[in-house]
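Observations on chain architecture
Residue strings, one per chain:
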Amino acid sequence: MARRKTKKEQDETLVDIVDVRDQAVNFYERNQNAIIGAAVAVLVLIGGYIAYQMFYKAPRQKAAQNAMYMAEYQFGRDSFALALENPGQGSEGFLDIMENYSGTTQANTAKYYAGVSYLNLGRYEDAVAMLKSFNAPTDLTKATKFGALGDAYSELGNMSEAESNYKKAANASDVASVAGYYMQKLAMFYKYQGKNAEAQEIYKEITEKYPDSEWGIEAQKFVMD
């Protein structure tokens, strides 16, 4: 059974509680302005963040989304020069979208589109710079980014960087249709480089990992017994 506190111990405990309360009250009274000011500052920050999201960022995202339509349309038609700078109907191209709507999801996406456009226009150094600046948010976009970088570096004759980026593209996703495609591309890269042993390893890996996929079935044609 727990020992009951004596009257003296109870009084001492009560005194301690009163002292703590008095210290807290005194601290608040001495620092009242600072405490209120800090609380107001936090509320201002929260309110400012909400206002930024509602009245600045969200409208910019919407405007950027609308601006992308014609540029994406021209990109889909393989009209890459128009998509970059003058897609028509008074719309902005990818380069203007990146500048005018910086910080938005669409401005980031425009970097990828611009990089691929430069790649198709034979402006490989511009393609590399643009693709490297693109922040790929998903496994799929990482794969397509690295794959395009591999193509650009290959065209520039930088086979070491091309190989590195093709490998990154092949390893960026576990989805058969994506990973298989870039593994196949890496195998073809090795084959064209005369690295037949490395190509064979990749072809075998595709058939083992994704045997029933389109790329697994295709790779079986190149696997040597």
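Our subject is the structure listed above.
If you're wondering where the values come from, they're calculated on a predicted model, not measured in any experiment.

1. Remarks on the overall build of the protein
Looking only at helices and strands, the protein features 11 helices and 0 strands. Listing every helix and strand of the protein by position from the N terminus yields α-α-α-α-α-α-α-α-α-α-α. When the 225 residues of the protein are sorted by exposure, 35% land in the buried category. Within the protein, contacts between residues at least 6 apart in sequence are counted, and of these 41% link residues at least 24 apart. By element, 54% of the accessible surface of the protein is carried by carbon and sulfur atoms, the whole surface being about 14200 Å².

2. Some words on the packing of helix H7 (residues 139-155) against helix H8 (residues 159-171)
Orientation of H7 relative to H8, taken along the N-to-C sense of each, is 160 degrees, at an axis distance of 7 Å. Considering their axes alone, H7 and H8 lie roughly antiparallel with respect to each other. With respect to the hand of their crossing, H7 and H8 are arranged in left-handed fashion. Of the residues in H8, those in contact with Ala143, Phe146, Gly147, Leu149, Gly150, Asp151, Tyr153 and Ser154 of H7 are Met159, Glu161, Ala162, Asn165, Tyr166, Lys168 and Ala169. Partitioned by chemical class, the residues of the contact of H7 with H8 number 8 nonpolar, 4 polar and 3 charged.

3. Notes on the packing of aromatic side chains
Enumeration over the complete set of coordinates arrives at 11 aromatic pairs. Ring centres of Phe75 and Tyr113 lie 4.7 Å apart, and the angle between their planes is 70 degrees; this geometry places the pair in the edge-to-face category. Here the residue Phe75 occupies a position in helix H2 (residues 32-76), and Tyr113 occupies one in helix H5 (residues 105-120), the gap between them amounting to 38 residues. Note on accessibility: Phe75 and Tyr113 belong to one class, buried. When the centroid spacing of 4.9 Å and the interplanar angle of 15 degrees are considered together, the rings of Tyr203 and Phe222 count as stacked.

4. Side note on H7
With 17 residues, H7 should reach 24 Å at 1.5 Å per residue; the first-to-last C-alpha distance of 24 Å fits that figure. Within H7, the full set of buried residues consists of Ala143, Thr144, Lys145, Phe146, Gly147, Ala148, Leu149, Gly150, Asp151, Ala152 and Tyr153. Its buried side turned inward, H7 meets H5, helix H6 (124-133), H8 and helix H9 (176-192). One or two positions beyond H7, positive phi appears at Gly157, with a value near 80 degrees.

5. Side note on the nonpolar core
Counting 48 residues, the largest nonpolar core has Phe75, Phe94, Ile97 and Ile202 as its most contacted members. Element by element, the count of residues in this core is highest for H9, at 8 residues. With residues near it in sequence (within four places) discarded, Ile97 still touches Ala67, Met68, Ala71, Glu92, Ser102, Gln106, Ala107 and Ala110.

6. Structural notes on helix H10 (residues 196-209)
Along an α-helix, a turn takes 3.6 residues, which lines up residues three or four apart on a common side. Between its first and last C-alpha atoms H10 spans 20 Å; for 14 residues at 1.5 Å apiece the expected length is 20 Å, and the two agree. Residues of H10 that are buried: Ala199, Gln200, Ile202, Tyr203, Ile206 and Thr207. Buried residues along H10 cover an arc of 165 degrees about the axis, so they all sit on one side. Of the exposed residues in H10, those oriented more than 90 degrees away from the buried face are Ala197, Glu201 and Glu208. For H10, the secondary structure elements touched by its buried residues are H9 and helix H11 (214-219).

Conventions adopted
Residues numbered from 1 in each chain as written. Predicted model: local features only at pLDDT ≥ 70, side-chain atom pairs only at ≥ 80, totals over all residues. Heavy atoms only, no water. Helix = DSSP H or I, 4+ residues; strand = E, 2+ residues; numbered from the N terminus. Buried < 20%, exposed > 50% of the residue type's maximum accessible area, 1.4 Å probe, protein only. Contact = heavy atoms within 4.5 Å. Areas by Shrake-Rupley, 256 points an atom, 1.4 Å probe, with all protein chains shown as cover. Axes fitted to C-alpha atoms, helices over the stretch in contact; angles between N-to-C directions. Parallel < 35°, antiparallel > 145°, perpendicular 65-115°, else oblique. Left-handed = near helix turned anticlockwise from the far one by under 90°. Nonpolar A, V, L, I, M, F, W, Y, C, P; charged D, E, K, R; others polar. Phe/Tyr/Trp six-rings, centres within 6.5 Å; stacked < 30°, edge-to-face > 60°. Expected span 1.5 Å × (residues − 1). Core = buried A, V, L, I, M, F, W, Y, C linked by side-chain atoms within 4.5 Å. Arc of directions from axis to C-beta.

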